[in-house]
Amino acid sequence: MKHVLLVAVCLFFQLVQSQPDTLFLRTKAPKYDGPVWIQKNKASVNLSEVAFVNWNSGGTNSISGLLGVESSANYTDKYFSWRNDVVINYGVNKQQDRELRKTEDLFELNSDIGFKPDSISDWYYSAKLNFRTQLANGYRYPDKDMPISRLMAPGYLFFGGGMEYGKNIEQLSFYFSPLTLKATFVLDENLANEGKFGVAPAVLDSEGNVIVPGERVRKEVGVLINNSYEMEVTTNVKVKQQVSLYSDYINNFGNVDVDWRLDFDFKVNHFIKATLGSHLRYDDDIKTTIPSEIEGETDEAGARVQWKQFLGIGFAVDF
């Protein structure tokens, strides 16, 4: 992961150099129609179900559902761009003879503001804010006695400033910030004392009593690179890619946290849509666990790549 940041920077500048007509040559300014506010809202429900009756190959009856809500409000004029969006996703799965289990849980808020020095420039002086957490408790199933995550445990906040390239900023954006604050919140006492999600654990005495409580907020300052791309690859098929690369200056600089999403939307008609998505993460602060030699206990292992894939069909309404 330490070389991902260098590769990304090289690719970014290679792209810039390969587009002299759009980046460095002055062109005629497009017709200006005045300040514009565009608001979009979308609600979707994706369902999948499997049922078996006397099926000789065996199988388990199951049903899964995913509810999604997205809302955005974007402002543009000659010199300013201000983009805001909120995303809420919550999914569950129920299998025969097994408890209801959570499969998806996300609350995310984004706000980006940019200023360009003249109306025909494609470069913005930009500031970005990203906040995300979850809504319900997470468990290591089938154990539901001890949550492994909660609302604001963890919660993540990114805030910083830099330069952003976006000839058509709604569809294509490259953002580089040399100074970005990352804050990790673990507001649950038990999880904070255990040192989950990279915070400093509690200091205990010889009897296991807490002397110094665990850290609730971990602060980092580092460099951030973002890229987002959205396009219609063919009729009724859209692809959206978002990648974020972050490296902390103080703690092991060069070790890159990666967050990469790739989603395909397939439109069947005005209401029915299918979605194929991939979400890959790597965060060196999130350690995995392995079974301990002591029965019933676990030992901490290193960080690993996290990956989630989703395929669903359902209903979507724009309003």
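The paragraphs below set out a description of the structure included in this document. (Residues numbered from 1 in each chain as written. Predicted model: local features only at pLDDT ≥ 70, side-chain atom pairs only at ≥ 80, totals over all residues. Heavy atoms only, no water.)

So, the overall build of the protein chain
Counted only if it meets this: The numbering of helices and of strands both runs from the N terminus, where a helix is a DSSP run of H or I of at least 4 residues and a strand a run of E of at least 2. For every residue, the accessible area (1.4 Å probe, protein chains only) is compared with the maximum for its type, and the residue is labelled buried under 20%, exposed over 50%, or partly exposed between those bounds. Any pair of residues with heavy atoms lying within 4.5 Å of one another is described as a contacting pair. A 1.4 Å probe and the Shrake-Rupley method give the accessible areas. Residues count as covered only by the protein chains that appear here.
Helices and strands together make up the secondary structure of the protein chain, namely three helices and 16 strands. Counting all 319 residues of the protein chain, 36% fall into the buried class. Of the contacts formed within the protein chain by residues at least 6 apart in sequence, a portion of 55% connects residues at least 24 apart. Total accessible area computed for the protein chain in this model is approximately 19500 Å², and 59% of it derives from carbon and sulfur atoms.

Re the pairing of strand β5 (residues 123-133)
Counted only if it meets this: At least two bridges found by DSSP between two strands are what make those strands a pair.
Pairing of strand β4 (residues 101-115) with β5, which is carried by nine bridges, proceeds in the antiparallel orientation. Bridging across to β5, Asn110 finds its partner in Asn130. Two elements, β5 and strand β6 (residues 155-165), share ten bridges in a ladder whose sense is antiparallel. Bridge pairing in β6 places Ala127 opposite Gly161.

Topic: the pairing of β4
Where strand β3 (residues 80-95) and β4 come together, 14 bridges link them in antiparallel fashion. By the bridge assignment, Ile88 is partnered in β4 with Phe107.

Some thoughts on the sheet that holds strand β13 (residues 272-282)
The test is simple: Each axis is a line fitted through C-alpha atoms, taken for helices only over the stretch in contact, and angles between the N-to-C directions span 0 to 180 degrees.
As summarised here, the arrangement of the twelve strands in space is β1-β2-β3-β4-β5-β6-β7-β10-β11-β12-β13-β16, forming a closed barrel in which the pairing is antiparallel. The sheet shows a mean angle of 20 degrees between the axes of neighbouring strands, direction not considered. Inspection of the sheet shows strand β12 (residues 257-267) paired to β13 by ten bridges, in the antiparallel sense. For Val258, the partnering residue across the bridge sits in β13 and is Tyr282.

Focus: the side chain of Lys273
Note that Lys273 resides in strand β13. A residue is classified by how much of its surface remains accessible, and Lys273, at 17% relative accessible area, is buried. The residues touching Lys273, leaving out its near neighbours within four places in the chain, are Lys42, Asn46, Phe266, Lys267, Val268, Gly312, Ile313, Gly314, Ala316 and Asp318.

A closer look at a negative patch on the surface
What counts here: Residues enter patches when they are more than 30% accessible in relative terms and free of salt bridges; like-charged ones are connected within 9 Å and nonpolar ones (Val, Leu, Ile, Met, Phe, Trp, Tyr) within 5 Å. Salt bridge criterion: a side-chain nitrogen from Lys or Arg within 4 Å of a carboxyl oxygen from Asp or Glu. Lys and Arg are tallied as positive, Asp and Glu as negative. Neither His nor the chain termini are counted. Lys charges are placed at NZ, Arg charges at CZ, Asp charges at CG and Glu charges at CD.
A cluster of like negative charges, contributed by Glu70, Glu170, Glu230 and Asp265, occupies part of the molecular surface. Looking at the secondary structure, you find Glu230 in strand β10 (residues 217-234).

Quick word on the pattern of salt bridges
Overall, the coordinates contain 17 salt bridges when judged by the stated rule. Between Glu104 and Lys308 there is a salt bridge, and its shortest N-O distance comes to 2.3 Å. One end of the pair, Glu104, is in strand β4; the other, Lys308, is in strand β16 (residues 306-318), with 204 residues separating them in the sequence. What makes Lys308 partly exposed here is its relative accessible area of 36%. Salt-bridge contacts for Arg132 lead to Asp259; the nearest nitrogen and oxygen are separated by 3.7 Å. Of this pair, Arg132 sits in strand β5 while Asp259 sits in strand β12, and the two are 127 residues apart along the sequence.

Considerations on the packing of aromatic side chains
Test applied: Between the rings of Phe, Tyr and Trp (Trp by its six-membered ring), a pair exists once the centres lie within 6.5 Å; its type follows the angle of the planes, with under 30 degrees stacked, over 60 edge-to-face, and the other angles tilted. Two conditions define a charge located above a ring, namely a distance within 6 Å from the ring centre to NZ of Lys or CZ of Arg, and an angle within 35 degrees of the ring normal.
Applying the stated criterion across every chain yields a total of nine aromatic pairs. Relative to Trp82, the ring of Trp37 has its centre 5.9 Å away and its plane inclined at 65 degrees; by these criteria the two rings are edge-to-face. With Trp37 in strand β1 (residues 36-50) and Trp82 in strand β3, this pair connects stretches of sequence that are 45 residues apart. Assessed through its relative accessible area of 35%, Trp82 is described here as partly exposed. Here a set of aromatic residues connected by ring pairs shows up, and it is made of Trp37, Tyr75 and Trp82. The ring of Tyr175 is capped by Lys128, whose NZ or CZ atom sits 4.9 Å from the centre of that ring.

Focus on the environment of Gly166
Mapping Gly166 onto the fold places it in the loop between β6 and β7 (172-185). Note on Gly166: relative accessible area 2%, which makes it buried. Residues Gly166 and Ser121, 45 residues apart in the sequence, show an inter-C-alpha distance of 9.3 Å. Residues in contact with Gly166, not counting those within four places in the same chain, are Asp122, Tyr124 and Leu172.

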